[in-house]
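Coordinates in review
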Amino acid sequence: MEIKNIAPPLLVLMLFLAIWSFAAHLYDMVFLLPGPMTVALAFVSDFEIILEGVTITLREALTGYILAIIIGITSAAIMSQSKILERSFYPYAILLQTVPVVAVAPLIVLWFGFDEKSVIIISLIISLFPIINNTLLGLKSTSNNLVELFQMHNSSRLVNFFKLRLPAAIPNIIAGLRISAGLSIIGAIVGEFIIGSGSEGGGLGVQVIYAQGNLETPLVMALILTATFMGFAFFMTVSTIGHQLLKHWHESAQNE
Amino acid sequence: MISVSGVTKHFDEVHALDHSDLDIATGEFVTIVGPSGCGKSTLLRIIAGLINPTEGSVNKPDDSMGAFVFQDAALLPWRNVQKNAELLMELEDGFSKHERVSRACSALQQVGLEGFEESYPHQLSGGMKMRLSLARSLVLNPDYLLLDEPLSAVDELTRELLQEEIHTLWKKEKFTAILVTHNVSEAVFLSNRVIVMSPRPGHIIHMVDVPFKKRDQTLRSNPKFTKIVNEISGKLRTWK
């Protein structure tokens, strides 16, 4: 990366830190608004707790995400094969998106227990819809000429799907996976919020609740920042993989 | 022989094609010209078997292999040139991996795309895409080739070069060709026979035999060539 690309956001960051520092200094109440240095110190001194939180949350989010990919792509593939199936099930896929997950989460915990299982399911629910929606859109928008070309040479439904519709949908699928990457981590943290107000240890969401109970605001902020960057890093990883897959042939991955 | 008898096509309210009869001899090069929306592409798709006629039928010899060349080349953007050339052999049964590779290579050579095997469609010019599309069809040794305005998206110079190449390929491979175009001079340059269609509902209003033996750059300035072009253009104009 070139300096002219890094410099502007870096400048914004420094400005932000300066204002934050100044405000914290003005307030002078560490449990309300700790300054950036205090948060950084909390990050260092509680590094082990944070690292444990990252490991657990990442494991939960990744499991939920992978399940969402499998379920999402499979159900979109099935819906793309039949108008009746699509009409029957797509409205419920939308409900998956519009259901207030935060409100449903306690129910899920009630049904599946106060453990990782529930967290994974919440993460799965929140990341599922973008994958279904984008995959379905991609599978349905194959160019008409290509469909006719395959029809001309009597290709079967299966061949049509694997040699034409699925590869043609990859750019859309990747778009869905990018959106869901960040969501899966948010889902995991929402789940952790519900299950864990109790003990020390556990994912980032559990740690936030615990630290908040102890009025350890610097740690709360360190945990929130960690979660944010974790989501960002996950998004960037998925984007990079997507870019590698598309760089040979798709417009979205050119001129970069 | 491919014979079209009494073919009519309605799309909902639109009467696209009206009672068309046409016999095309084996090895013939026939071009269908007509104004936009006259149903000429529809007729070509009916001959291909891609759409069913409302009335009438199309008879083709049993076991004849056809290929369709689309206006926009219809390449798979995620496959490189070599893999695109192999595509139809994967869809049709009975080609071994080895055979697919070697046939694709020689077809690519025939259309002058050797050295571009690893390129992707977005890296090719319009003319090269169309060459690849032709090569992809030719690997099947088709009995008939259906071309739907294949040259409408390339520049004038490339178009003339490609017309000459299509003519050479047709002479060499001896397939039956049915071309749809709105470019009258292209039609006359390439075909044994030009079919003129009326505006919608499209039907055949005129047929012109084109007698020239030698088809090269000099033909374009031949007065007889110009005369036939003018005759067909005149027919098209009087119907508008």
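Rules and cut-offs
Residues numbered from 1 in each chain as written. Chains lettered and ligands numbered in written order. Predicted model: local features only at pLDDT ≥ 70, side-chain atom pairs only at ≥ 80, totals over all residues. Helix = DSSP H or I, 4+ residues; strand = E, 2+ residues; numbered from the N terminus. Rg over C-alpha atoms; globule rule 2.2 N^0.38 Å. Buried ≥ 20, exposed ≤ 12 C-beta atoms within 10 Å, placed from the backbone. Contact = placed C-beta atoms within 7 Å. Pairing = 2+ DSSP bridges. Domains from an automatic or database assignment. Nonpolar A, V, L, I, M, F, W, Y, C, P; charged D, E, K, R; others polar. Axes fitted to C-alpha atoms, helices over the stretch in contact; angles between N-to-C directions. Parallel < 35°, antiparallel > 145°, perpendicular 65-115°, else oblique. pLDDT = per-residue confidence, 0-100.

1. As for the overall build of chain B
Assigned secondary structure in chain B consists of seven helices and nine strands. For 240 residues, the compact-globule estimate of 2.2 N^0.38 gives 18 Å, and chain B sits close to it at 18 Å. Along the three orthogonal principal directions, the C-alpha set of chain B runs to about 50 × 40 × 30 Å. When the 240 residues of chain B are sorted by exposure, 42% land in the buried category. Counting only contacts in chain B whose residues sit at least 6 apart along the sequence, the fraction spanning at least 24 positions is 71%.

2. Things to note about the overall build of chain A
When helices and strands are tallied, chain A shows 10 helices and zero strands. Taken from N to C terminus, the helices and strands of chain A fall in the order α-α-α-α-α-α-α-α-α-α. Considering only C-alpha atoms, chain A reaches an extent of 75 × 50 × 25 Å along its principal axes. Every one of the 256 residues in chain A was classed for burial, and the buried ones make up 37%.

3. Topic: the pairing of strand 7 (residues 176–181) of chain B
In regular strands, side chains alternate between the two faces of the sheet. Residues and elements named next belong to chain B. When you tally the buried positions in strand 7, you get six out of six residues, the bulk of the element. Looking at chain direction, strand 6 (residues 144–148) and strand 7 are connected through five bridges and run parallel. Of the residues in strand 7, the one forming a bridge with Tyr 144 is Thr 176.

4. Quick notes on the domain arrangement of chain B
Where the parts come together, the accessible area they lose is often given as the size of the interface. All names here are of chain B. Segmentation of chain B into domains returns domain 1 (2–64 + 145–238) and domain 2 (78–142). Put simply, the middle of domain 1 and the middle of domain 2, counted by C-alpha atoms, are 25 Å apart. Counting from both sides, the interface comprises 10 residues of domain 1 and, opposite them, seven residues of domain 2. Tallied by class, residues from the side of domain 1 that touches domain 2 come to eight nonpolar, one polar and one charged.

5. Topic: helix 9 (residues 204–213) of chain A
All names here are of chain A. Summarising burial for helix 9: seven of the 10 residues are buried, a large majority. When helix 9 is considered as a whole, its buried residues turn out to be Leu 204, Gly 205, Val 206, Gln 207, Val 208, Tyr 210 and Ala 211. Looking at the buried side of helix 9, the elements it contacts are helix 3 (47–81), helix 8 (157–195) and helix 10 (217–246). One or two steps after helix 9, the chain reaches Leu 215, where phi turns positive at roughly 55 degrees.

6. Side note on the sheet that holds strand 8 (residues 193–197) of chain B
All names here are of chain B. Read across the open sheet, the six strands follow the order 5-6-7-3-8-9; overall the sheet is mixed. Lying at the two open borders of the sheet, with one neighbouring strand each, are strand 5 (66–69) and strand 9 (204–209). Going from strand to strand, the sheet's axes swing by 15 degrees on average, the running direction of each strand aside. Relative to strand 7, strand 3 (residues 29–33) runs parallel, the two being bridged by five bridges. The partner of Phe 29 across the bridge, within strand 7, is Ala 177.

7. Things to note about the packing of helix 2 (residues 36–45) of chain A against helix 10 of chain A
Residue and element names in this part refer to chain A. Two elements in contact, helix 2 and helix 10, have axes separated by 8 Å at closest approach and are oriented at 80 degrees. Comparing the axis directions of helix 2 and helix 10 gives the class roughly perpendicular. Contacts from Thr 38, Val 39, Ala 42 and Phe 43 of helix 2 reach helix 10 at Pro 218, Leu 219, Met 221 and Ala 222.

8. Side note on the domain arrangement of chain A
Residue and element names in this part refer to chain A. Per the domain assignment, the segments making up chain A are domain 1 (1–33) and domain 2 (35–253). Placing the centre of domain 1 and that of domain 2 at their C-alpha centroids yields a distance of 30 Å. Each side of the interface is counted separately: domain 1 has eight residues, and domain 2 has six residues. In terms of residue class, the side of domain 1 that touches domain 2 is built from six nonpolar, two polar and no charged.

9. Re the interface of chain A and chain B
Counting from both sides, the interface comprises 14 residues of chain A and, opposite them, 13 residues of chain B. Element by element, the count of residues in the side of chain A that touches chain B is highest for helix 7 (residues 144–152) of chain A, at seven residues. The residue inventory of the side of chain A that touches chain B, partitioned by class, reads seven nonpolar, six polar and one charged.

10. Quick notes on the environment of Leu 15 of chain A
All names here are of chain A. With respect to the helices, strands and loops of the structure, Leu 15 is situated in helix 1 (residues 3–27). Among the residues examined, Leu 15 registers 10 C-beta atoms within 10 Å and is labelled exposed. Linking Leu 15 and Leu 246, residues 231 residues apart in sequence, is a C-alpha distance of 37 Å.

11. With respect to the sheet that holds strand 2 (residues 14–24) of chain B
All names here are of chain B. With respect to topology, three strands assemble into an open sheet ordered 2-1-4, the strand pairing being antiparallel. Where the open sheet ends on each side, the last strands, each with one partner, are strand 2 and strand 4 (55–59). Each strand axis lies, on average, 20 degrees off the axis of its neighbour in the sheet, ignoring direction. One ladder, built from seven bridges, connects strand 1 (residues 2–11) with strand 2; its direction is antiparallel. Paired with Ser 3 across the bridge in strand 2 is Asp 23.

12. Focus: the confidence of the model for chain B
Caution is warranted with low-pLDDT regions, since their predicted coordinates should not be read in detail. All names here are of chain B. Overall, the prediction assigns chain B a mean pLDDT of 92, with 100% of residues at 70 or greater. Per-element averaging of pLDDT across chain B places strand 2 at the bottom with 88 and strand 6 at the top with 97. Here the predicted complex carries an ipTM of 0.92, next to a pTM of 0.88.

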